[in-house]
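Summary of structural features
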Amino acid sequence: MWQRGLMHASLPVDVDLALVGGGGAASLVLAALDRHGVTGLRVAVVDPVHKRGQDRTWAFWGLPGDDLDPLLSASWSQVDVVTPAGRRVLTLDPLRYAMLRSAPVYDRAAEAERRLDAVRISVPAGELRDDGERVTVRDPDGRDLVRAGWVLDSRPRRPKRPGRTSWLQHFRGWWLAADRPTFDPQRAVLMDFRTPQPQRGVSFGYVLPVDDRFALVEYTEFGPELLDDAGYDAALRGYAGLLGLDLTALRVREVEDGVIPMTDGPFESRPSPRVVRLGTGGGATRPSTGFTFSAMLRQADQVALALAAGRPPVPAPAYPGRHLWMDAVALRALDRGHVGGVEFFERLFDRNPPERVLRFLDGVTSPAEDLAVMRSSPLLPMTGAVLGDAAGRLRARLRR
């Protein structure tokens, strides 16, 4: 491994593949390269921070028995969706809902780096200069760090153009520890809409239990405005009250915060011939839900398989175009108040099999399944949103 203080005389480094940014997307790529037995590839990772430990939690669904199973903190074959009208217990077979904390992902990526004999350059990346044959990665002062055949850039990015609707998924979670059995480890709460709803947007809580004495309890909002610290803490205290939890008998071991874009603005996944963007900056975040992990995992596998076969490491788009259109319509309907957030999600889960809903949220449903999902939404409000979205697209095209 290169250390920052030892490498300046040797820069720039020549490699086949440079990963710019060393977070979740890059870690999954490194692990996938190792898993698929990619050899003989010169790899560099450019990031000022070497990610370690627990700094985030990913929740996702998929089939049991994959490579991630040994890394999971917990998984569930049943989840609850709760509204003021009642509680639905969703059986997910053959899928499972899973929780993955960041530390084992970063540890596996570090192992992969060692086996790949990757070069780690602990300097911030600045400009990427792509001449069509090689990409030069520079630091913010303009010094050349790396020359690479391909660059996978997972740094956060804004959309290429502002969206017609731009919301945020923002949240705070408490990792709560108890001295006696308090949580049900057999079931996670996927969405609990009994929380007070914002004037514009939708809120919910959820619970991911690791065991009967340790769980992540989180409050989430979809909407255009963030809360302040006092607002998130008050919302979490209120949700804990709804769950019947006595916070004086519990310990907050960790706090997780996050803000994820929910927008129909387009993200540029291929800004130049040999630069590929991954993660949220490459369009891996589902606009209507903020889910990102499954798309990052799919793209990491596609990159590794392509390199193993001697092909360019260019993954497929994270989501089909029809799903991005459906997301734009749903965001517009929620933003303009055509449909309430609780009503929208309640109908989605009430009128579709759980597996279809989860696969739709992951972006892997067929056109026939998508039509079934569309039929389950409120017809007149969504028709108005479709027409409004079409008019908005036309106006944007005329302006451009």
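For the structure given in this document, a descriptive report is provided here. Worth saying up front: this structure is predicted, and the values here are computed from it rather than measured.

Turning next to the pattern of salt bridges. Within the structure shown, the criterion is met by 38 salt bridges. With its nearest N and O atoms 3.8 Å apart, the salt bridge here joins Arg138 to Glu127. Taken together, the residues span a long stretch of sequence, with Arg138 in strand S10 (residues 135-138) and Glu127 in the loop between strand S8 (119-121) and strand S9 (128-130) at a distance of 11 residues. For Glu369, the salt bridge is made with Arg359, and the minimal N-O distance between the two is 2.7 Å. On the criterion of sequence distance, the pair formed by Glu369 in helix H8 (residues 367-375) and Arg359 in helix H7 (residues 354-362) is long-range, its members being 10 residues apart. When salt bridges that share partners are traced, they join Arg35, Asp67, Arg108 and Asp301 into one network.

The terminal C-alpha atoms of helix H1 (residues 24-35), which comprises 12 residues, lie 16 Å apart, in line with the 16 Å expected from a rise of 1.5 Å per residue. Counting buried positions over the 12 residues of H1 gives 10, a clear majority of the element. The set of residues buried in H1 consists of Gly24, Ala25, Ala26, Ser27, Leu28, Val29, Leu30, Ala31, Ala32 and Leu33. Looking at the buried side of H1, the elements it contacts are strand S1 (13-20), strand S2 (43-46), strand S3 (57-62), helix H2 (102-116), strand S11 (144-153) and helix H4 (293-308).

Here the focus is the pairing of strand S15 (residues 214-223). With 10 of 10 residues buried, S15 is to be regarded as a mostly interior element. Across the two faces of S15 the burial is the same, with Phe214, Leu216, Glu218, Thr220 and Phe222 and Ala215, Val217, Tyr219, Glu221 and Gly223 all buried.

Our focus in this paragraph is helix H6 (residues 341-350). For H6, every residue scored as buried is listed here: Gly341, Val342, Phe344, Phe345, Leu348 and Phe349. An end-on view of H6 places all buried positions within 165° of arc, on one side of the element.

Moving on, we come to the pairing of S10. The two faces of a sheet get side chains in turn, since along a regular strand they alternate between them. Side-chain alternation along S10 places Val135 and Val137 on one buried face and Thr136 and Arg138 on a second face that is also buried. Pairing of S9 with S10 involves three bridges; the strand directions are antiparallel. Counterpart to Asp130 in the pairing with S10 is Val135. The loop that links S9 with its antiparallel partner S10 comprises four residues; one of these, Gly132, has a positive phi angle of about 90°. With four bridges connecting them, S10 and S11 associate as antiparallel partners.

About the criteria used
- Residues numbered from 1 in each chain as written.
- Predicted model: local features only at pLDDT ≥ 70, side-chain atom pairs only at ≥ 80, totals over all residues.
- Heavy atoms only, no water.
- Salt bridge = Lys/Arg side-chain N within 4 Å of Asp/Glu carboxyl O.
- Helix = DSSP H or I, 4+ residues; strand = E, 2+ residues; numbered from the N terminus.
- Expected span 1.5 Å × (residues − 1).
- Buried < 20%, exposed > 50% of the residue type's maximum accessible area, 1.4 Å probe, protein only.
- Contact = heavy atoms within 4.5 Å.
- Arc of directions from axis to C-beta.
- Pairing = 2+ DSSP bridges.

Limitation: the analysis is restricted to geometry and does not speak to function.
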